[in-house]
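Spelled out, the chains give:
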Amino acid sequence: MSNLLEVRNLSLKIGVQEILHDVSVSVPRGGIVAVLGANGVGKTSLMRCISGIYHATGGSILVDGEDITKLKSHEIAERGVLQAPEGRQIFSNMTVLENLVIGGGPLGKQELDHVLSLFPRLEERLKQQAGSMSGGEQQMLCIGRALMRKPKVLLLDEPSLGLAPKLVRFICDLVERIRSEGYSVLLVEQNVKAALRIAGRASVIEGGRIVIEGEADDLARDPRVTDAYLGGHVH
Ligand SMILES: Nc1ncnc2c1ncn2[C@@H]1O[C@H](COP(=O)(O)OP(=O)(O)OP(=O)(O)O)[C@@H](O)[C@H]1O
Ligand SMILES: [Mg+2]
């Protein structure tokens, strides 16, 4: 089976700093792949290389077999790679509806109905100023906005950040549901336990390099993962 997203031997240097080194990750069609790691190891930088905000200094990125390594971010978005960025970056002074419509593609109405069916909380708040919503609601809006463009590959950068356990579960269930609808997801998380529960495969980054890669179930039992990232046990 061909991979929808393939990151091959990617490296990124900014100034003298080597931020990513020989990173390879692939997302199969209809799969969830997790990239895990502590603060500052390069997770967001990897996402930014894929979405064209940063340009890799080595390696390549393929989407559906097409090399997108040198494309601009809007061209990459047009090819169906959409990022729900870290820190959400919604338009605080606009309403929920305006945020969604701005993210929308030509299908508009149909996509809006789909997003609102996934997030009833947003439907209740369409006219509310986005910046006045809770952190969890803003995260829903951020994911909803990316979904408005029917992404082939959805890039989620720490969707669980700052959310209470119940909301983390909601977001995880939602990501699984999106996957069951045929979307492919690259999920960056520090919440290793939550990510391994929903991912098929996962990679752990340390210092800009992938140090462990494999089936999520195997990683959840791997002492190198459990000791360093899960406090020694998985429930
Ligand atoms: N534009 C930039 N200029 C200089 N350094 C950068 C730039 N972007 C990222 N870095 C550095 O690259 C390293 C990795 O940052 P990155 O944001 O990718 O980490 P992260 O794994 O997402 O961390 P976190 O979990 O805290 O979000 C950091 O040391 C960061 O300071
Ligand atoms: Mg980050």
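About the criteria used
Residues numbered from 1 in each chain as written. Chains lettered and ligands numbered in written order. Predicted model: local features only at pLDDT ≥ 70, side-chain atom pairs only at ≥ 80, totals over all residues. Heavy atoms only, no water. Near = heavy atom within 4 Å. Polar contact = N/O pair within 3.5 Å; in protein donor to acceptor, adjacent residues only side chain to side chain. Areas by Shrake-Rupley, 256 points an atom, 1.4 Å probe, with all protein chains shown as cover. Helix = DSSP H or I, 4+ residues; strand = E, 2+ residues; numbered from the N terminus. Nonpolar A, V, L, I, M, F, W, Y, C, P; charged D, E, K, R; others polar. Contact = heavy atoms within 4.5 Å. Domains from an automatic or database assignment. Buried area = accessible area lost by both parts, 1.4 Å probe. Salt bridge = Lys/Arg side-chain N within 4 Å of Asp/Glu carboxyl O. Pairing = 2+ DSSP bridges. Axes fitted to C-alpha atoms, helices over the stretch in contact; angles between N-to-C directions. Phe/Tyr/Trp six-rings, centres within 6.5 Å; stacked < 30°, edge-to-face > 60°. Buried < 20%, exposed > 50% of the residue type's maximum accessible area, 1.4 Å probe, protein only.

S.K.: Before we go on, may I ask you to explain the site of ligand 1 in this structure?
M.R.: Looking at ligand 1, there are 15 residues lining it, with Gly40, Lys43, Thr44, Ser45 and Glu86 nearest. Within the side chain of glutamine 17, one N or O atom sits 3.4 Å away from an oxygen atom of ligand 1. At 3.1 Å, a side-chain N or O of glutamate 158 approaches an oxygen atom of ligand 1. Notes on ligand 1: free accessible area 640 Å², of which the protein chains cover 66%. Those elements that place two or more of their residues in the shell around ligand 1 are β2 (17-28) and α1 (43-50). When grouped by side-chain class, the residues that make up the shell around ligand 1 number five nonpolar, seven polar and three charged.

S.K.: Help me understand unusual backbone geometry in this model?
M.R.: Most peptide bonds take the trans configuration, and most residues that are not glycine carry a negative phi. Of note, asparagine 9 is a non-glycine position whose phi angle comes to about 50 degrees, a positive value. With respect to the helices, strands and loops of the structure, asparagine 9 is situated in strand β1 (residues 3-14). For aspartate 22, which is not glycine, the phi dihedral falls at a positive 55 degrees. Within the element layout of this structure, aspartate 22 appears in strand β2.

S.K.: Is there a simple way to think about the side chain of serine 203 in this case?
M.R.: Tracing the backbone through its elements, the reader meets serine 203 in strand β9 (residues 201-206). With residues up to four places along the chain from it excluded, the contact list for serine 203 reads Ala34, Val35, Leu36, Ile210, Ile212 and Glu213.

S.K.: How should I be thinking about the domain arrangement of the protein chain in this particular structure?
M.R.: A common measure of how large an interface is: the accessible area buried when the components associate. Looking at the assigned domains, one finds that the protein chain contains domain 1 (3-80 + 151-229) and domain 2 (91-149). Taken over C-alpha atoms, the centre of domain 1 sits 23 Å from the centre of domain 2. Facing 16 residues of domain 1, the contacting portion of domain 2 comprises 12 residues. Taking both sides of the interface into account, the surface hidden between domain 1 and domain 2 amounts to around 1,200 Å²; carbon and sulfur atoms contribute 72%. On inspection of domain 1 and its partner domain 2, the count reaches zero salt bridges.

S.K.: I keep staring at the sheet that holds strand β6 (residues 81-84) and nothing clicks. Help me out?
M.R.: Strand pairing in a sheet takes place through backbone hydrogen bonds and is either antiparallel or parallel in direction. Taken together, the six strands give an open sheet; going across it, the order is β6-β7-β8-β3-β9-β10, and neighbouring strands pair in mixed fashion. Among the strands making up the open sheet, the edge pair consists of β6 and β10 (209-215). Here the strands of the sheet are splayed against their neighbours by 15 degrees on average, with no regard to which way each runs. Where strand β3 (residues 32-36) lies against strand β8 (residues 184-189), five bridges are found, and the strand directions are parallel. Along β8, the bridge assignment pairs valine 35 with valine 188.

S.K.: Honestly, the sheet that holds strand β5 (residues 66-67) in this entry has me stumped. Any pointers?
M.R.: Taken in spatial order, the four strands make up an open sheet running β2-β1-β4-β5, and their pairing is antiparallel. A single partner strand is all that each edge strand has here, and the edge strands are β2 and β5. Inspection of the sheet shows strand β4 (residues 58-63) paired to β5 by two bridges, in the antiparallel sense. Bridged to valine 63 within β5 is glutamate 66. Packed on one face of the sheet, α1 meets β1, β2 and β4 and runs near 115 degrees to β1.

S.K.: Just checking my understanding: could you explain the packing of aromatic side chains for this structure?
M.R.: Ring pairs (aromatic) are described by centroid distance and by the angle formed between their planes. Evaluation of the coordinates by the stated rule reveals one aromatic pair. A centroid spacing of 6.3 Å and a plane angle of 55 degrees characterise the contact between phenylalanine 119 and phenylalanine 170, whose relative ring orientation is tilted. Linking phenylalanine 119 in the loop between α4 (109-118) and α5 (120-123) with phenylalanine 170 in helix α7 (residues 165-180), this pair joins segments that are 51 residues apart in sequence. For phenylalanine 119, a relative accessible area of 0% translates into the label buried.

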